[in-house]
Amino acid sequence: MKKLIILSSIFSSLFAYSQMAHLVIFNNSTKYVYHGQIAAGDFTGSNCALTVKNFDPSVVKANLGEELRYEDFKGQMNSSIYPVNMWEINDGVVPPYTVYPWDPILSYDMPNITKWAFTEFDLIDPNTGNTAYTGQLQSPAYPCASYPNHITTIGLPTNVYMEWIYMTDPIPGNTNTINAVIINDL
(Lines give C-alpha, C1' and ligand atoms only; values in the text may rest on other atoms or scores of the structure.)
Protein backbone atom coordinates (compact mmCIF):
# COMPACT_ATOMS: atom_id res chain seq x y z
CA MET A 1 0.00 0.00 0.00
CA LYS A 2 2.84 2.37 0.87
CA LYS A 3 4.36 1.80 -2.57
CA LEU A 4 1.01 2.55 -4.26
CA ILE A 5 0.69 5.85 -2.40
CA ILE A 6 4.24 6.82 -3.33
CA LEU A 7 3.71 5.94 -7.00
CA SER A 8 0.45 7.91 -7.08
CA SER A 9 2.18 11.01 -5.74
CA ILE A 10 4.99 10.59 -8.27
CA PHE A 11 2.63 10.47 -11.24
CA SER A 12 0.43 13.31 -9.99
CA SER A 13 3.49 15.55 -9.66
CA LEU A 14 4.64 14.54 -13.14
CA PHE A 15 1.34 15.54 -14.68
CA ALA A 16 1.34 18.82 -12.79
CA TYR A 17 4.77 19.85 -13.99
CA SER A 18 5.02 18.04 -17.36
CA GLN A 19 8.68 17.28 -16.91
CA MET A 20 10.52 14.78 -19.08
CA ALA A 21 12.81 12.48 -17.10
CA HIS A 22 13.09 12.56 -13.35
CA LEU A 23 15.05 10.88 -10.66
CA VAL A 24 13.18 10.84 -7.38
CA ILE A 25 14.67 9.48 -4.19
CA PHE A 26 12.18 8.75 -1.42
CA ASN A 27 13.83 8.11 1.91
CA ASN A 28 11.00 6.59 3.90
CA SER A 29 13.47 5.19 6.40
CA THR A 30 13.15 6.18 10.04
CA LYS A 31 16.64 4.84 10.77
CA TYR A 32 19.05 5.92 8.02
CA VAL A 33 19.96 9.04 6.07
CA TYR A 34 20.80 8.51 2.38
CA HIS A 35 24.12 9.98 1.20
CA GLY A 36 24.88 9.23 -2.42
CA GLN A 37 26.06 10.04 -5.87
CA ILE A 38 23.48 10.11 -8.62
CA ALA A 39 24.56 9.21 -12.12
CA ALA A 40 23.27 9.07 -15.66
CA GLY A 41 24.61 6.54 -18.12
CA ASP A 42 24.53 5.79 -21.83
CA PHE A 43 21.11 4.28 -22.60
CA THR A 44 22.03 3.58 -26.22
CA GLY A 45 24.35 0.85 -24.91
CA SER A 46 27.14 1.93 -27.27
CA ASN A 47 29.49 3.40 -24.62
CA CYS A 48 29.00 1.85 -21.19
CA ALA A 49 31.93 3.89 -19.87
CA LEU A 50 29.95 7.12 -20.36
CA THR A 51 28.65 8.53 -17.07
CA VAL A 52 27.54 11.91 -15.81
CA LYS A 53 27.48 12.18 -12.02
CA ASN A 54 27.30 14.84 -9.36
CA PHE A 55 30.64 16.47 -8.54
CA ASP A 56 29.70 19.52 -6.46
CA PRO A 57 28.35 18.61 -4.04
CA SER A 58 30.09 15.27 -4.07
CA VAL A 59 27.20 13.75 -2.11
CA VAL A 60 23.49 14.47 -2.21
CA LYS A 61 21.51 13.50 0.84
CA ALA A 62 17.97 12.61 1.75
CA ASN A 63 17.26 12.95 5.44
CA LEU A 64 14.74 10.76 7.26
CA GLY A 65 11.40 11.01 5.47
CA GLU A 66 12.78 13.37 2.79
CA GLU A 67 12.23 13.33 -0.98
CA LEU A 68 14.80 14.46 -3.56
CA ARG A 69 13.90 15.35 -7.17
CA TYR A 70 16.26 15.72 -10.10
CA GLU A 71 14.68 16.63 -13.45
CA ASP A 72 17.71 16.79 -15.65
CA PHE A 73 21.21 18.25 -15.41
CA LYS A 74 20.07 21.88 -15.67
CA GLY A 75 16.43 21.72 -14.56
CA GLN A 76 17.40 20.22 -11.23
CA MET A 77 18.78 23.63 -10.20
CA ASN A 78 15.15 24.68 -9.62
CA SER A 79 13.49 21.35 -8.78
CA SER A 80 15.80 19.94 -6.12
CA ILE A 81 16.28 20.97 -2.53
CA TYR A 82 19.92 19.87 -2.93
CA PRO A 83 20.87 21.00 -6.45
CA VAL A 84 24.07 19.88 -8.13
CA ASN A 85 26.33 22.82 -8.98
CA MET A 86 28.81 20.87 -11.12
CA TRP A 87 28.63 17.57 -12.98
CA GLU A 88 31.50 15.23 -13.82
CA ILE A 89 31.51 13.70 -17.29
CA ASN A 90 33.49 10.55 -17.92
CA ASP A 91 33.39 9.06 -21.41
CA GLY A 92 36.11 6.49 -20.85
CA VAL A 93 38.36 8.12 -23.47
CA VAL A 94 39.45 11.54 -22.25
CA PRO A 95 40.12 12.20 -18.56
CA PRO A 96 36.94 13.03 -16.60
CA TYR A 97 36.08 16.72 -16.59
CA THR A 98 33.55 18.91 -14.79
CA VAL A 99 30.94 21.26 -16.23
CA TYR A 100 28.28 23.59 -14.86
CA PRO A 101 24.59 22.61 -15.20
CA TRP A 102 24.02 25.16 -17.99
CA ASP A 103 26.93 23.90 -20.13
CA PRO A 104 25.71 23.22 -23.71
CA ILE A 105 27.02 19.64 -23.64
CA LEU A 106 24.55 18.88 -20.85
CA SER A 107 21.70 20.68 -22.62
CA TYR A 108 22.14 19.36 -26.14
CA ASP A 109 24.40 16.30 -26.31
CA MET A 110 23.94 14.34 -23.10
CA PRO A 111 20.11 14.30 -22.87
CA ASN A 112 19.94 12.44 -26.19
CA ILE A 113 21.98 9.48 -24.98
CA THR A 114 21.99 9.50 -21.16
CA LYS A 115 19.31 8.85 -18.57
CA TRP A 116 19.42 8.34 -14.82
CA ALA A 117 21.13 4.99 -14.41
CA PHE A 118 22.49 4.32 -10.93
CA THR A 119 23.32 5.56 -7.46
CA GLU A 120 26.24 4.74 -5.22
CA PHE A 121 25.23 5.37 -1.64
CA ASP A 122 25.91 5.19 2.05
CA LEU A 123 23.17 4.82 4.62
CA ILE A 124 24.17 6.90 7.62
CA ASP A 125 23.02 6.44 11.19
CA PRO A 126 21.83 9.97 12.10
CA ASN A 127 22.47 9.38 15.80
CA THR A 128 26.15 8.53 15.45
CA GLY A 129 27.01 9.96 12.01
CA ASN A 130 28.63 6.64 11.14
CA THR A 131 28.15 4.82 7.85
CA ALA A 132 25.97 1.83 8.55
CA TYR A 133 25.78 0.43 5.00
CA THR A 134 27.36 1.08 1.59
CA GLY A 135 26.07 0.03 -1.79
CA GLN A 136 25.05 0.65 -5.38
CA LEU A 137 21.64 0.43 -6.99
CA GLN A 138 21.12 0.36 -10.78
CA SER A 139 18.09 1.08 -12.95
CA PRO A 140 16.48 -2.08 -14.32
CA ALA A 141 16.19 -0.28 -17.70
CA TYR A 142 19.89 0.63 -17.92
CA PRO A 143 21.38 -1.46 -20.77
CA CYS A 144 24.88 -1.31 -19.27
CA ALA A 145 23.79 -2.50 -15.82
CA SER A 146 25.85 -5.34 -14.49
CA TYR A 147 23.18 -6.25 -11.93
CA PRO A 148 19.92 -4.40 -12.77
CA ASN A 149 17.89 -3.47 -9.73
CA HIS A 150 20.23 -5.48 -7.56
CA ILE A 151 21.67 -3.82 -4.51
CA THR A 152 25.37 -4.49 -4.22
CA THR A 153 26.04 -3.75 -0.59
CA ILE A 154 28.29 -4.28 2.31
CA GLY A 155 26.01 -5.50 5.07
CA LEU A 156 22.60 -4.10 4.04
CA PRO A 157 20.35 -5.24 6.86
CA THR A 158 17.23 -7.28 6.40
CA ASN A 159 15.20 -4.44 7.95
CA VAL A 160 15.93 -2.04 5.05
CA TYR A 161 14.41 -2.36 1.60
CA MET A 162 15.61 -0.42 -1.46
CA GLU A 163 14.31 -0.59 -5.00
CA TRP A 164 14.85 1.33 -8.26
CA ILE A 165 11.64 1.60 -10.22
CA TYR A 166 11.64 2.77 -13.85
CA MET A 167 8.26 3.82 -15.19
CA THR A 168 6.83 5.49 -18.26
CA ASP A 169 3.73 7.62 -18.32
CA PRO A 170 0.65 5.40 -18.83
CA ILE A 171 -1.21 8.13 -20.76
CA PRO A 172 -0.72 7.67 -24.53
CA GLY A 173 1.21 10.52 -26.11
CA ASN A 174 2.94 11.62 -22.91
CA THR A 175 6.68 11.04 -22.79
CA ASN A 176 7.18 11.40 -19.05
CA THR A 177 9.50 8.87 -17.49
CA ILE A 178 10.53 8.54 -13.90
CA ASN A 179 13.17 6.71 -11.96
CA ALA A 180 12.26 6.26 -8.32
CA VAL A 181 14.64 5.03 -5.66
CA ILE A 182 12.60 3.99 -2.66
CA ILE A 183 14.16 3.35 0.73
CA ASN A 184 11.89 1.76 3.36
CA ASP A 185 12.25 0.17 6.74
CA LEU A 186 10.64 -3.23 7.02
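Keep in mind that what you see is a predicted model, and the values were worked out from it rather than measured. (Residues numbered from 1 in each chain as written. Predicted model: local features only at pLDDT ≥ 70, side-chain atom pairs only at ≥ 80, totals over all residues. Heavy atoms only, no water.)

**Section: the overall build of the chain**
For step 1, the next point in the chain: The helix and strand inventory of the chain stands at three helices and twelve strands.
For step 2, the next point in the chain: Per-residue burial over the chain gives 45% buried out of 186 residues.
For step 3, the next point in the chain: Put simply, of all contacts in the chain between residues at least 6 apart along the chain, 60% involve residues at least 24 apart.
For step 4, the next point in the chain: Summing over all exposed atoms, the chain offers an accessible surface of approximately 9,100 Å²; the carbon and sulfur share of this is 56%. (Helix = DSSP H or I, 4+ residues; strand = E, 2+ residues; numbered from the N terminus. Buried < 20%, exposed > 50% of the residue type's maximum accessible area, 1.4 Å probe, protein only. Contact = heavy atoms within 4.5 Å. Areas by Shrake-Rupley, 256 points an atom, 1.4 Å probe, with all protein chains shown as cover.)

**Comments concerning the state of the cysteines**
For step 1, the next point in the chain: On inspection of all chains with the given rule, the structure shows one disulfide.
For step 2, the next point in the chain: Note on cysteine connectivity: Cys48 is disulfide-linked to Cys144, with sulfurs 2.0 Å apart. Measuring the twist about the S-S bond at about -75°, one finds the Cys48-Cys144 disulfide to be left-handed. Separated by 96 residues along the polypeptide, Cys48 in the loop between strand E2 (33-42) and strand E3 (51-56) and Cys144 in the loop between strand E9 (131-138) and strand E10 (152-154) bring together distant segments of the chain.
For step 3, the next point in the chain: Cys48 sits in the partly exposed class, given a relative accessible area of 44%.
For step 4, the next point in the chain: Taking the relative accessible area as the measure of exposure, Cys144 reaches 18% and is therefore buried. (Disulfide = S-S within 2.5 Å.)

**Side note on the pairing of E3**
For step 1, the next point in the chain: Note that E2 and E3 share three bridges and pair antiparallel. Paired with Ala40 across the strands is Val52, a residue of E3.
For step 2, the next point in the chain: In this sheet, strand E6 (residues 86-90) lies alongside E3 in antiparallel orientation, the contact comprising five bridges. Bridge pairing links Asp56 to Met86 in E6. (Pairing = 2+ DSSP bridges.)

**Some points on the confidence of the model for the chain**
For step 1, the next point in the chain: Considering every residue of the chain, the mean pLDDT works out to 81; 78% of them sit at 70 or more.
For step 2, the next point in the chain: Below a pLDDT of 50 lies the segment residues 3-20, which in the model reaches 33 contacts outside its immediate sequence neighbourhood of four places, other chains included. (pLDDT = per-residue confidence, 0-100.)

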